[in-house]
Amino acid sequence: MAYSDGTAGAGGTAPAAPDYSPALWPEPVALLPRLPPRPLDPLGTVLIPPAERRPSTREPAVGPSSAAPLPFLPPSPPAPAPLPAPPVPRLDSDRPRTLRLALPGGGEARRRRLLDRVRAPLRTRHRIAVLGGPAEGAAALLGALLTEHRAHPVLVLTTAGPAGSECRAGGRVLRSVRPDPAALREALGEADGHYPVVLADTTGAPAEVRLAAVEHADRLLLCAPASATGARTADALLDHLAALGHHGLARGAVAAFTPAPPTDRPVADRDLLSHFRTRCRAALTLPAAPAALRSRARLDYLELAALIGDGMAEHR
């Protein structure tokens, strides 16, 4: 028995399958040469050289384009400029606060009182001998204050620096002379009639030069460091002046003490000033001269200038 499609049924044999092979096969295709293995990256994937990579099918990100707008779309209007943010009111707690340091000893009222003393009327020329240990810049700063607050020039003679050199700043003249008694006397004589106030700075000069300044002085300014050595030196200098017969100058002197050097033992201001106020007319401590332009230090030097002004008012 056989089915209608020719397949064998039960109890029969299937016929042979037809042969559809072509009568002539094409030539065999040669195989491509075997490629070397591709290198692997750290993740284990094949590294494809850039030249063999297929272009990415990912669409480019949408962004602004420099191409002209399409003809059927109007160009986009420019974006309006952002309006400035309204000012935020500042609270009192947000405002920066200026730190105001009160001037020592009464503030502005004390400063006015010191200026009145600095501007004391001068009836005749006044010479001030500056003695003691080196006090760099103290005499020059005192001369600058006297020039600033008085209506006449001030001459500062110093034995430091090259002899004959001169520096002018407003009404103050800083002139260097030889550390020689004759040269100092000559400079003091030339100043008469030209400079009502003359400061002869002989700190650090030889003893004979200091004595020449004392002989022509109307007032003494004694400078020394606020140290044990400075106090002993100032005491010995006052004793020496009294022994030479200059009791009045020694008693009416002003003692000014600058900071102690790091190589010497400092002396407390309370002990230092209480001792020398029994020997001199006045004693005070001063900051280092380069800091004298600051407000607090400037007031200290203004007090020194006021003490010098007191001597001018008493001088007949």
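The structure under discussion appears in the preceding block.
Draft legend 1. Region of the structure containing the overall build of the chain. Along its length, the chain carries eight helices and eight strands. Looking at the chain as shown, the accessible area adds up to about 21000 Å², and 60% of this sits on carbon and sulfur atoms.

Draft legend 2. Fine view of the packing of aromatic side chains. Applying the stated rule across the entire model yields one aromatic pair. With a centroid separation of 5.0 Å and 55° between ring planes, the pair formed by Phe-257 and Phe-276 is classed as tilted. With Phe-257 in strand β7 (residues 254-258) and Phe-276 in helix α7 (residues 269-276), the pair connects residues that are 19 residues apart, well separated along the chain.

Draft legend 3. Region of interest: the pairing of strand β1 (residues 126-132). Of all seven residues making up β1, seven are buried, and the element is well covered by its neighbours. Judged by which residues are buried, β1 turns out to be covered on both faces: His-126, Ile-128, Val-130 and Gly-132 on one side and Arg-127, Ala-129 and Leu-131 on the other are all buried. Examined bridge by bridge, β1 and strand β5 (residues 197-201) share five bridges and lie parallel to one another. Residue pairing in the sheet places Val-130 in a bridge with Asp-201 of β5. Pairing analysis gives five bridges linking β1 to strand β6 (residues 219-225), with the strands arranged parallel. Paired with Ala-129 across the two strands is Leu-220, which belongs to β6.

Draft legend 4. Representation of the packing of helix α5 (residues 228-243) against α7 in the model. For the pair α5 and α7, the least separation of the axes is 12 Å and the interaxial angle reads 0°. Looking at the two axes, α5 sits roughly parallel to α7. In contact with Ala-231, Ala-234, Asp-235 and Leu-238 of α5, α7 contributes Leu-272, His-275 and Phe-276. A per-class count over the contact of α5 with α7 returns five nonpolar, one polar and one charged.

Draft legend 5. Up close: the sheet that holds strand β8 (residues 282-285). Spatially, β3-β4-β2-β5-β1-β6-β7-β8 is the arrangement adopted by the eight strands of the open sheet, whose pairing is mixed. Strands with a single pairing partner mark the edges of an open sheet, and in this sheet they are β3 (166-169) and β8. Geometrically, the sheet is characterised by an average inter-axis angle of 20° between neighbouring strands, direction not taken into account. Here helix α3 (residues 181-191) sits on the sheet and contacts β1, β2 (154-158) and β5; the angle it forms with β2, its principal contact strand, is near 175°. Of the strands in this sheet, β1, β5 and β6 touch helix α4 (residues 207-215), which is tilted by about 150° from β1.

Basis of the calculations
Residues numbered from 1 in each chain as written. Predicted model: local features only at pLDDT ≥ 70, side-chain atom pairs only at ≥ 80, totals over all residues. Heavy atoms only, no water. Helix = DSSP H or I, 4+ residues; strand = E, 2+ residues; numbered from the N terminus. Areas by Shrake-Rupley, 256 points an atom, 1.4 Å probe, with all protein chains shown as cover. Phe/Tyr/Trp six-rings, centres within 6.5 Å; stacked < 30°, edge-to-face > 60°. Buried < 20%, exposed > 50% of the residue type's maximum accessible area, 1.4 Å probe, protein only. Pairing = 2+ DSSP bridges. Axes fitted to C-alpha atoms, helices over the stretch in contact; angles between N-to-C directions. Parallel < 35°, antiparallel > 145°, perpendicular 65-115°, else oblique. Contact = heavy atoms within 4.5 Å. Nonpolar A, V, L, I, M, F, W, Y, C, P; charged D, E, K, R; others polar.

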